[in-house]
Amino acid sequence: MSAPSPVRNGGQILVEALRRNGVDKVFCVPGESYLPVLDALHATPDIRTIVTRHEGAAANMAAANMADAYGKLTGRPGICFVTRGPGATHAANGVHTASEDSTPMILFIGQVDSRFLGRGAFQEVDYQQMFGGMAKWVAQAVRLERLPEIVARAFAVAVAGRPGPVVVALPEDVLFGAGEAVDLPPPRPARAAPPAAAMVQLRTLLAAAQRPLLIAGGSGWDAAAVAALKRFVHANGLPVAASFRRQDLFDNRDEHYVGQLGLGVSPRLAERVRQADLLLVVGSRLAEATSSGYSLFGGQPLIHIHADPDELGRAYPATLPINASPACAAEALAALPPVADPAWRAWTAEARTDYLDHSTPPASHPALSGVDFARVMGHLDTVLPDDAIIANGAGNYTVWVHRFYRYRQPATELAPTNGAMGYGLPAAICAKLEHPERTVVCFAGDGCFMMYPQELATAMQFGAPVVVIVVNNGMLGTIRMHQEREFPGRVAATPLLNPDFVALAQAFGAHAERVERSEDFPAAFARATAAGVPALIELRVDPRQITPQARLTEA
Ligand SMILES: Cc1ncc(C[n+]2csc(CCOP(=O)(O)OP(=O)(O)O)c2C)c(N)n1
Ligand SMILES: [Mg+2]
C-alpha cells in the first residue's frame, strides 16, 4: 500500500507530475485560465518559468517554438503553457514546427470550465479538432485524479516512435479543484531495434553496391548514436549526406561528409543521389524538401530505416524497410563487419571534393554593394567554437548559412524543417538558457526577425546573451525570387520598409551595430560576443544578390 495522497489542487498535481518527469524549464505566456499552475510553479524552484512576450500574436508561437527547440537540444519534450483561445491559436505555430521537425513537445492549454464545454464559453476551442492533424495526441484532462496519468502518457507519446507534439487541455475547474491523485514515475521510452536478419540483408546489399550513399536525418539521435554512425561510416568509407536542416548529425569537416539535401541543394550532390546504386537512409523521412520536391528518389534501391513504421513506404517504397530508432540502428550498423576493400572509395572522395567546392565562399564573386554575406559566413565558420549553436528561421538568407557554415556537433543546428519564419530568435534564446557557456548565434532575415523582435525583451529579462545577425535586404527575398520566376517584373507585397534595427535593439537594452562593409564584420562580431548582453548586428546586403549565385537585375 502506498502512503495516502495529500489533498492538492490540479495545478499542484500537474506541476509535481512535470517535476517527476525531469522538467526543469517551462515556457509560457500567462493566462487566468491556468492560475493554479502558475501558483504551483511559484512554489517549485526546481522548475524555471520563462515568460515570453506578445500574447496577442507572436509570443505564444515563440513559447511553443522555444519548447520545440528545447526538445531538439535535449531529446526531452519541451514544455509550453498558454491560455485558451487566442493563446492557443498563437501557439499553433510551434506545434506545427514540432510536428514537421519530429520534435517532442507538450503544449498545455488552460481550458474553459468543464461544466461549460460545448456551450461556446469565453475563449472556448475544441483542441481535438484544432490540433488533430498536427499533434500526435490531443487530450483534455477532465478529471483531477487522472492528471498524473495524462501527463505520463503525454511524455510517452511525445518521444515514442517518431517524436512530436502533444496537446493537453486543462479545464479551469480541474486546476482549481482539490482532491487526491497518485503521483506516477516517468514512463520509460521503448526503442525499436532492427531485426538481426534485416541487418544481414543490409550488409549484403551494401557489399554489392558500387555507388552507395548514406543519408542521415530525422530526430531522436543522441551523442552515442551519432558516434556509432560515425564508426560505421568510417569503417566502410561511405559518403554521408544530411537531410534538410539536419547538417549537425555528421561532422561537416569529416572526409565522409558530402553535403545537405534540402533547399539550396548543390546540383552535383543532387546528381550524385540520382546516380547512387544504393541509398541507405537512416532516421530521415524523405519529405518534400529533402527529396527536392519528390524528384530525387524512386529509381535507386533504397534501404530505409525509421523509428515509425508508418513512415516506411510513405513517400517511396523501400527495397529493405527497417523499423528501428536511430539509436538502435546506429549501434547495429556499427556492429556490422565492414565491407572489405569497398568499390566506392573514389566515389566518396569525389563527393567530398564537390562538397568542399560548394561550401567554400567564392573569392571571385564580390558583393554588388554592402556586405558579402558569403564572406561573413566564411569568417564565422573559422572563428566559431565547435559547440556553437546556430539558429535560423526561413528566408533566402538561410541558403548562405546552410551552405557556408560547417556544423560539427550534434544539436548545434536549430533550424525549422517546416520553414517557420521567426523561429531563430526564440530557438536561440532557448539554446542560450540551456547552454549559457556556449556561443549562440541567431540568423534572421529582415522579414524573419520582425516576426518575433519583442523576444529580445525575453532575452534581456532572463539573461540570454545571444548574437542576432539580421540580414537586411529590404524585402521578403524568398518570395521575390519566386515572383521573378513566375511573374517576372511584377513585384507584389515583397518590399519591406524596415525600422532602424540598431535603434530597435538598443531600446531593449541590447548591444547593437550596423555593418555595411564585409571587412567591418569580424570586429563587430567580436564586440557582440563580448557584450555580455544580447546583441544584434544588422548586415546591409545588396538586395539584388538573391541567392549565393543568382542576382536580380534590379532591386
Ligand atoms: C511564418 C511564415 N510566414 C510566411 C512564410 C513564407 N515565407 C518564406 S520565406 C519568406 C521571406 C523571408 O524574408 P526574409 O526573412 O527577409 O529573408 P530573405 O528571403 O529576404 O533573405 C516568406 C514570407 C513562412 N515561411 N513562414
Ligand atoms: Mg529579407
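Refer to the structure presented above.
Residues numbered from 1 in each chain as written. Chains lettered and ligands numbered in written order. Predicted model: local features only at pLDDT ≥ 70, side-chain atom pairs only at ≥ 80, totals over all residues. Heavy atoms only, no water.

Caption draft 1: How the structure looks around the side chain of Asn 396. With respect to the helices and strands, Asn 396 occurs in the loop between strand E15 (389-392) and helix H14 (397-404). By relative accessible area, which is 9% here, Asn 396 ends up buried. Of note is the side chain of Asn 396, whose polar atom sits 2.8 Å from the backbone oxygen of Ile 546. In this structure, Asn 396 is in contact with Gly 477, Thr 478, Met 481, Ile 546 and Thr 547, ignoring residues within four places of it in sequence. (Helix = DSSP H or I, 4+ residues; strand = E, 2+ residues; numbered from the N terminus. Buried < 20%, exposed > 50% of the residue type's maximum accessible area, 1.4 Å probe, protein only. Polar contact = N/O pair within 3.5 Å; in protein donor to acceptor, adjacent residues only side chain to side chain. Contact = heavy atoms within 4.5 Å.)

Caption draft 2: A look at the coordination of the magnesium ion (ligand 2). Each protein donor to the magnesium ion (ligand 2) is listed here as Asp 446 (OD), Asn 473 (OD1) and Met 475 (O); together their distances run 2.1 Å. Summarised as a motif, the one-chain spacing of the donors to the magnesium ion (ligand 2) is D-x26-N-x1-M. With a gap of 29 residues between them, Asp 446 in helix H16 (residues 446-449) and Met 475 in the loop between strand E18 (467-472) and helix H18 (477-486) connect regions that are remote in the sequence. You'll find Asp 446 and Met 475 in the same group, each marked buried. (Donors = N, O, S within 2.8 Å, 3.2 Å for Na, K, Ca; no water.)

Caption draft 3: Fine view of the sheet that holds strand E6 (residues 137-140). Taken in spatial order, the 6 strands line up as E3-E2-E4-E5-E7-E6 in an open sheet, and their pairing is parallel. Each having just a single partner strand, strand E3 (48-51) and E6 make up the two edges of the open sheet. Adjacent strand axes in the sheet meet at a mean angle of 20° when their direction is disregarded. Both strand E4 (residues 78-82) and strand E5 (residues 105-111) contribute to a ladder of 5 bridges, which runs parallel. Paired with Ile 79 across the two strands is Ile 106, which belongs to E5. Each of strand E2 (25-28), E4, E5 and strand E7 (165-171) is contacted by helix H1 (residues 10-20), which is oriented at about 160° to E4, the strand it contacts most. (Pairing = 2+ DSSP bridges. Axes fitted to C-alpha atoms, helices over the stretch in contact; angles between N-to-C directions.)

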